[in-house]
Amino acid sequence: MFPGGQDQPERRINRLENAIDMPSSHIESSAPAGGLAENVWLTLCFFLSCYFYGAELNPLLALPALLGPLGVLVFTSAGRIERLRGDAPVLFYGCLAAIALVIGHHLLFSRAPDTSFVPSVVLACLPLWTLVVALLKAPRQLWIMISALVTVFAVLSAFEFVFTRQRAHAPLRDPGNYATLLYLIWLPWLIALIGTKLNGRERVLYVSLFLLMVLALLATHLRFAMLLVAGVPVLLLLGGWRYRLKVANVLAPLAAIAAAFVLYLLLGSSGASAAFAGGEGNAPGPDPRMLLWVSTWQAIVQEGGLHGVGLAAFAELYPQFRSPHEQATAGIVVHNDLLQLMLEGGLWLFLPMALFYLVTGVALLRELLRGGGPSWRLGWLLALALAMLHATINFVFYVLPLVLLAAILAGLIFGARCDASATPAPGAWTKGLRVAAPVLLGLNIGWMLLDITTSGVTRGYHQAPLSAYLEATDARLMRYAQLAQTLNPRRGDPVRIEARLLAKRFFAEPSSAAAVQADLTYRKTIELQPWNPGPYLEHADFLDRAIAGGFEVSDRRGERYRSARALMPAGAATNAALINWHFAQGDHEAALEVMSELTNWCLLLGREPGAARLLEELQSAAVTLRADDQAERLGTCAEAVGRQSGSGRHKRLLMRFFGD
């Protein structure tokens, strides 16, 4: 199965491919040899994507996901487009249209353009990688390489779980996403190999690897993963009965699954119990995801529309629609990709994804009705359909490595292979691609670097390129902010940087002209970022200091504080600012009302540093005002927040508090 000797790496991979029975109706067995370099390059890009955690940490690791496939299209795909057979031209043109649609949606319609570029890149990778896999010389090599890489992840996770009881998630941050990554690889190999003739040594090898992968899958403590692993034996028995498979081929994976289950129950039964209990410490009440979906639907009805609200805008919009009963989630994703795309992308992006779901479902149904037995195509379709099902209760298509793996599966399933019998000269579309791809690449990289750098300066993410260099002097940072406004006139962050610098200049050398200029710049920032409470608070703070200094500027402080709190009702900073404003105006009744409403958000406040101290100070103020009810609730909330990272006794206190 794994030949030794002095063979070249490419020949070894080809032998591994040939050792696996891949029916020619599913994968073109006469695919031209070669393509190892491009497959290694794409595997490296996939590997880097597994360490991409979002725009605030390591956003540059998203660039290889664009650079890799575009490089393959530009430098190694000459003549392949003309040799495509079947429906592949439709796939080709459709993928290019989808890429343009996603990027165009971000550039033209997003109401949160400062943060939406990264998810637009992630979604654009779905059609881009599907197209590239359809054009590869040897896509089976890429599948084997990616499978080997994920298997290494699984083996490391399984051993770490055995020796340290550590919950499996690495290299991804979220265990649910990691479980998806594992079963997208495990299921196709499982289904294909139960119909393949293996010798004893090969069967032992695969059973051992399957055992470790299933153990890693269970070690995520994810309910969906546990239900999947529990349901696979039923699927194997039904498949073995329908397709008349050899008993040994079915019993081998069943033994691996049973052994992994027993080992997991011996080592991690507490994790399994917590997963099915919904997580330790959650307050009793309605299911958080159901509340999340209801709030999202309300946002769609009130704020959605044909174009949506913009990719990545959900996190900014959700606090306005969040129910006080839903404090168990971070509020960054909907945990339902179709619902989130409907809100953020409107019909432009929801309909293509819904069509992708429909085409995959129809293809899986046809494959099952065809009755050809276990095959790679069946395994790929089942894994992809399962990921789509999982995306209705989690987030899959907003996670870069999962998008790349789903695209690889789609390319293997739907991509017609190249015809090696002829090598026509590159046509107009190939020549056009060689021009368009570098332009698209340069545009994406340039805009992304600009957005990342600006976000790094605005939000203090010093991992962003050039942020430390730009912040070295105010003059340099001002020149950059003005240049970024010229290049990105719809971005609010560059204007916000300029407003901060103008306010700093005013405080250093006060003048009426400087005060008016800073005031107008803050107003422009709020116009460009109407859902971000930060500019509202910064503008109000500037107005406070300017008016205290005797300068005549528009007195909109109260409006700014109220707007900030309306955008972030559970935020410690927004509530504290509004309460202080009411006290400054002598409106103690309004201040106490805000305090009372703040105690509805104790679970969320517990995630903010300094919230416990704020609540204690507010409790003292309530005692001074002889508001006993508010003081008691603030004290209980302060105690709960102060111990949120502590013992189970505190968690029971929280549940009693919210149960009253």
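Small disclaimer: the values here were computed from a predicted structure and weren't measured. (Residues numbered from 1 in each chain as written. Predicted model: local features only at pLDDT ≥ 70, side-chain atom pairs only at ≥ 80, totals over all residues. Heavy atoms only, no water.)

1. Structural notes on the overall build of the protein chain
When helices and strands are tallied, the protein chain shows 29 helices and zero strands. Contacts in the protein chain between residues at least 24 apart in sequence constitute 75% of all its contacts with a sequence separation of at least 6. Carbon together with sulfur atoms contributes 61% to the accessible area of the protein chain, which is approximately 28,400 Å² in total. (Helix = DSSP H or I, 4+ residues; strand = E, 2+ residues; numbered from the N terminus. Contact = heavy atoms within 4.5 Å. Areas by Shrake-Rupley, 256 points an atom, 1.4 Å probe, with all protein chains shown as cover.)

2. What about the pattern of salt bridges?
Per the stated rule, a full pass over the model turns up 13 salt bridges. Among the salt bridges present, the one from Lys 504 reaches Asp 474, with a minimum N-O distance of 3.2 Å. Placement of the pair is Lys 504 in helix α20 (residues 493-508) and Asp 474 in helix α19 (residues 474-487), with a sequence separation of 30 residues. Classification of Lys 504 as partly exposed rests on a relative accessible area of 46%. A salt bridge links Glu 559 to Arg 560; the nearest nitrogen and oxygen atoms lie 3.4 Å apart. By relative accessible area, Glu 559 is classed as partly exposed at 34%. On the basis of relative accessibility, which here comes to 5%, the residue Arg 560 falls in the buried class. The structure contains a network of salt bridges with shared partners spanning Glu 367, Arg 370 and Arg 377. (Salt bridge = Lys/Arg side-chain N within 4 Å of Asp/Glu carboxyl O. Buried < 20%, exposed > 50% of the residue type's maximum accessible area, 1.4 Å probe, protein only.)

3. A closer look at the packing of helix α9 (residues 200-218) against helix α10 (residues 223-243)
Viewed as axis vectors pointing N to C, α9 and α10 meet at an angle of 145 degrees, and their least axial separation amounts to 8 Å. Contacts from Val 214, Leu 217 and Leu 218 in α9 reach Ala 225, Met 226, Leu 228 and Val 229 in α10. Split by residue class, the contact of α9 with α10 holds seven nonpolar, no polar and no charged. (Axes fitted to C-alpha atoms, helices over the stretch in contact; angles between N-to-C directions. Nonpolar A, V, L, I, M, F, W, Y, C, P; charged D, E, K, R; others polar.)

4. Focus on the side chain of His 390
The topology assignment puts His 390 in helix α15 (residues 376-390). Of the polar contacts made by the side chain of His 390, one reaches the side chain of Thr 180; its length is 3.1 Å. Sequence-distant contacts of His 390, that is, excluding residues within four places in its chain, are made with Gly 176, Thr 180, Tyr 183, Leu 222, Phe 224 and Val 396. (Polar contact = N/O pair within 3.5 Å; in protein donor to acceptor, adjacent residues only side chain to side chain.)

5. Re the side chain of Thr 329
Following the sequence through the fold, Thr 329 ends up in the loop between α13 (314-321) and α14 (337-370). Excluding anything up to four places from it in sequence, Thr 329 contacts Pro 288, Leu 292, Arg 322, Leu 604 and Arg 607.

6. Looking at helix α16 (residues 400-414)
The end-to-end C-alpha distance of α16 is 21 Å, a good match for the 21 Å that 15 residues give at a rise of 1.5 Å each. Of all 15 residues in α16, 14 are buried; the element is thus mostly enclosed. (Expected span 1.5 Å × (residues − 1).)

7. Focus on the packing of helix α25 (residues 588-598) against helix α27 (residues 611-624)
How two helices pack is summed up by the angle between their axes together with the distance between the axes. Two numbers describe how α25 lies on α27: the axes approach to 11 Å, and their chain directions differ by 135 degrees. In this view, α25 runs oblique relative to α27, as classed from their interaxial angle. Note that α25 runs across α27; the crossing there is left-handed. Together, Leu 592, Met 595 and Leu 598 of α25 and Leu 615, Leu 618, Ala 621 and Ala 622 of α27 make up the contact between the two elements. Tallied by class, residues from the contact of α25 with α27 come to seven nonpolar, no polar and no charged. (Parallel < 35°, antiparallel > 145°, perpendicular 65-115°, else oblique. Left-handed = near helix turned anticlockwise from the far one by under 90°.)

8. Topic: the confidence of the model for the protein chain
Note that predicted coordinates carrying low pLDDT should not be read in detail. Taken residue by residue, the protein chain gives an average pLDDT of 79. The fraction at 70 or more is 81%. Confidence over residues 279-284 falls short of pLDDT 50; this stretch has nine contacts with residues more than four positions distant or in other chains. With pLDDT under 50 throughout, residues 645-660 is counted as low confidence; its partners more than four residues away or in other chains account for 28 contacts. (pLDDT = per-residue confidence, 0-100.)

9. Section: empty space enclosed by the protein
Under the defined criterion, the tally for this structure stands at five cavities of 30 Å³ or more. Taken together, Leu 190, Leu 193, Ile 194, Leu 198, Arg 203, Tyr 206, Val 207, Phe 210, Ala 248, Asn 249, Ala 252 and Pro 253 make up the lining of the largest cavity. Contributions of two or more residues to the lining of the largest cavity are made by α8 (175-193), α9 and α11 (247-276). As a volume, the second largest cavity reaches approximately 80 Å³. In this structure, the second largest cavity is lined by Arg 111, Ala 112, Pro 113, Asp 114, Thr 115, Glu 316, Arg 459, Leu 528, Gln 529, Pro 530, Trp 531 and Asn 532. (1 Å grid on protein atoms, 1.4 Å probe; cavity = no way out; pocket = protein on both sides within 12 Å on 5 of 7 lines; lining within 4 Å. Points joined across faces, edges and corners; volume = space filled by probe spheres on them.)

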